[in-house]
Amino acid sequence: MGKKIFVSYKFADNQVENLSIYENSTVRDYVTKFEEILDPSDNIYKGESDGEDLSNLSEATIWKKLKDRIYDSSVTIVFISPGMKESWKTERNQWIPWEISYSLKEVSRKNKNGDAITSRSNAMLAVVLPDENGSYSYYLESRNCCNSRCTTHHTDRLFSIIRKNKFNLKEATKKVCNNGDTIWYGEFSYIKAVKWSNFINDYSTYIESACIRQDNIDDYEIYKDV
């Protein structure tokens, strides 16, 4: 069965690696790249299309459009980028936290017959984009922990609602190193993070894994409010 996918992202963030030597890239270009490789017979892209101008619409109208698209989706992918958070704005005044919140909520709407239809919490995935130098270490940093390789997640770079839905498996398998580092094993985050370079080469596998976590959502401590 096909997946209806909504992508949450900071449209104009240009603190990312250029996809072409001929022009500077923004996060929107990465969304376009993802959209181009989707199999149209199996996936439906639900974000705004490139060139779609929402700037002249009121915030209430934009939010209604976004909610309609999220409600009709089953998977939400959030693109993590270095400039996704605007430090001069509160999180409640930025779109991404609200999109994630609505994606996680079970929302009831009436269909054309007047029957109430309740949506499930979406399957969720975070795709980390490379910064201007092609590095992922601003969020995913490779280190040595407990005498082996590990990856540190710099969750302070995330919006609160995303951060709270990471490392939230209720009965997680963990190991504490001598220096106090904690190693987590398995599918320990409902919003799992994956590097763009891995995701773009095998996106269907990561989406299917997100759907498995969705089927087991009761195993996670889910936070739904901004």
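## Comments concerning the state of the cysteines
Argument step 1. Across all of its chains, the model carries two disulfides by this definition.
Argument step 2. Across the disulfide, Cys145 is cross-linked to Cys150 (sulfur-sulfur distance 1.9 Å).
Argument step 3. Residue Cys150 is classed as buried on the basis of its relative accessible area, which comes to 13%.
Argument step 4. Between Cys146 and Cys177 runs a disulfide, and the two sulfur atoms are separated by 1.7 Å. Of note, the bridge from Cys146 to Cys177 carries an S-S torsion of about -110 degrees and is left-handed in sense.

## Focus on the pairing of strand β8 (residues 148-153)
Put simply, side chains in a regular strand alternate between the two faces of the sheet.
Argument step 1. By the bridge criterion, six bridges tie strand β7 (residues 140-145) to β8 in an arrangement that is antiparallel. From the neighbouring strand, Glu141 faces β8, where its bridge partner is Thr152.

## As for unusual backbone geometry
Argument step 1. Look at Phe167: it is not a glycine, yet its phi comes out positive at around 50 degrees.
Argument step 2. Among the secondary structure elements, Phe167 is positioned in the loop between α4 (160-164) and β9 (173-176).
Argument step 3. For Phe167, a relative accessible area of 26% corresponds to the partly exposed category.

## A look at the layout of surface pockets
Argument step 1. Considered as a void within the structure, the second largest pocket measures approximately 530 Å³ in volume.
Argument step 2. As for the second largest pocket, its lining consists of 26 residues, of which Thr151, Thr152, His153, Trp184 and Phe188 are closest to the centre.
Argument step 3. Looking at the lining of the second largest pocket, the element that brings in the most residues is β8, giving five residues.
Argument step 4. Tallied by class, residues from the lining of the second largest pocket come to 10 nonpolar, eight polar and eight charged.

## Side note on helix α3 (residues 95-104)
Argument step 1. Among the 10 residues in α3, eight count as buried, and that is most of the element.
Argument step 2. For α3, every residue scored as buried is listed here: Ile96, Pro97, Glu99, Ile100, Ser101, Tyr102, Ser103 and Leu104.

## A word on the pairing of strand β6 (residues 123-128)
Argument step 1. The element β6 is extensively covered by neighbouring structure, given that six of its six residues are classed as buried.
Argument step 2. The alternating pattern of β6 places Ala123, Leu125 and Val127 on one face and Met124, Ala126 and Val128 on the opposite face, and all of these are buried.
Argument step 3. With six bridges joining them, strand β3 (residues 75-80) and β6 adopt parallel strand pairing. Among the inter-strand pairings, Val78 is bridged to a residue of β6, identified as Ala126.
Argument step 4. Relative to strand β11 (residues 192-195), β6 runs parallel, the two being bridged by four bridges. Bridge pairing in β11 places Leu125 opposite Lys192.

## Observations regarding the pattern of salt bridges
Argument step 1. Scanning the model with the defined rule gives 12 salt bridges in all.
Argument step 2. Glu86 is paired through a salt bridge with Lys10; the nearest N and O atoms lie 2.6 Å apart. Note that Glu86 is positioned in the loop between β3 and α3 and Lys10 in the loop between β1 (3-8) and α1 (27-37), a separation of 76 residues in sequence.
Argument step 3. Glu86 sits in the buried class, given a relative accessible area of 13%.
Argument step 4. Lys10 gets classed as partly exposed once you look at its relative accessible area, which sits at 25%.

## Observations concerning the packing of helix α2 (residues 59-71) against α3
Argument step 1. One can describe the packing of α2 onto α3 by two numbers: an axis separation of 10 Å at closest approach and a directional angle of 35 degrees. The hand of the α2/α3 crossing is right-handed. Residues Glu59, Ile62, Trp63, Leu66, Lys67, Ile70 and Tyr71 of α2 form the contact with α3, whose own contacting residues are Trp95, Trp98, Glu99, Tyr102 and Ser103.
Argument step 2. The residue makeup of the contact of α2 with α3, split by class, is eight nonpolar, one polar and three charged.

## With respect to the packing of aromatic side chains
Centre distance and the angle of the planes are the two values used to describe a pair of aromatic rings.
Argument step 1. For the structure on display, the rule yields 12 aromatic pairs.
Argument step 2. Centroid distance Phe34 to Phe79: 6.4 Å. Interplanar angle 45 degrees. Geometry classified as tilted. Of the two residues, Phe34 is situated in helix α1 and Phe79 in strand β3; the sequence distance between them amounts to 45 residues. One exposure class covers both Phe34 and Phe79, and it is buried.
Argument step 3. Each member of the aromatic cluster is reached from another via a ring pair, and the members are Tyr30, Phe34, Phe79, Trp196, Phe199 and Tyr203.
Argument step 4. Positioned above the aromatic ring of Phe159 is the side chain of Lys85, whose terminal nitrogen or guanidinium carbon lies 5.9 Å from the ring centre.

Analysis parameters
Residues numbered from 1 in each chain as written. Predicted model: local features only at pLDDT ≥ 70, side-chain atom pairs only at ≥ 80, totals over all residues. Heavy atoms only, no water. Disulfide = S-S within 2.5 Å. Buried < 20%, exposed > 50% of the residue type's maximum accessible area, 1.4 Å probe, protein only. Pairing = 2+ DSSP bridges. Helix = DSSP H or I, 4+ residues; strand = E, 2+ residues; numbered from the N terminus. 1 Å grid on protein atoms, 1.4 Å probe; cavity = no way out; pocket = protein on both sides within 12 Å on 5 of 7 lines; lining within 4 Å. Points joined across faces, edges and corners; volume = space filled by probe spheres on them. Nonpolar A, V, L, I, M, F, W, Y, C, P; charged D, E, K, R; others polar. Salt bridge = Lys/Arg side-chain N within 4 Å of Asp/Glu carboxyl O. Axes fitted to C-alpha atoms, helices over the stretch in contact; angles between N-to-C directions. Left-handed = near helix turned anticlockwise from the far one by under 90°. Contact = heavy atoms within 4.5 Å. Phe/Tyr/Trp six-rings, centres within 6.5 Å; stacked < 30°, edge-to-face > 60°. Lys NZ or Arg CZ within 6 Å of the ring centre and 35° of its normal.

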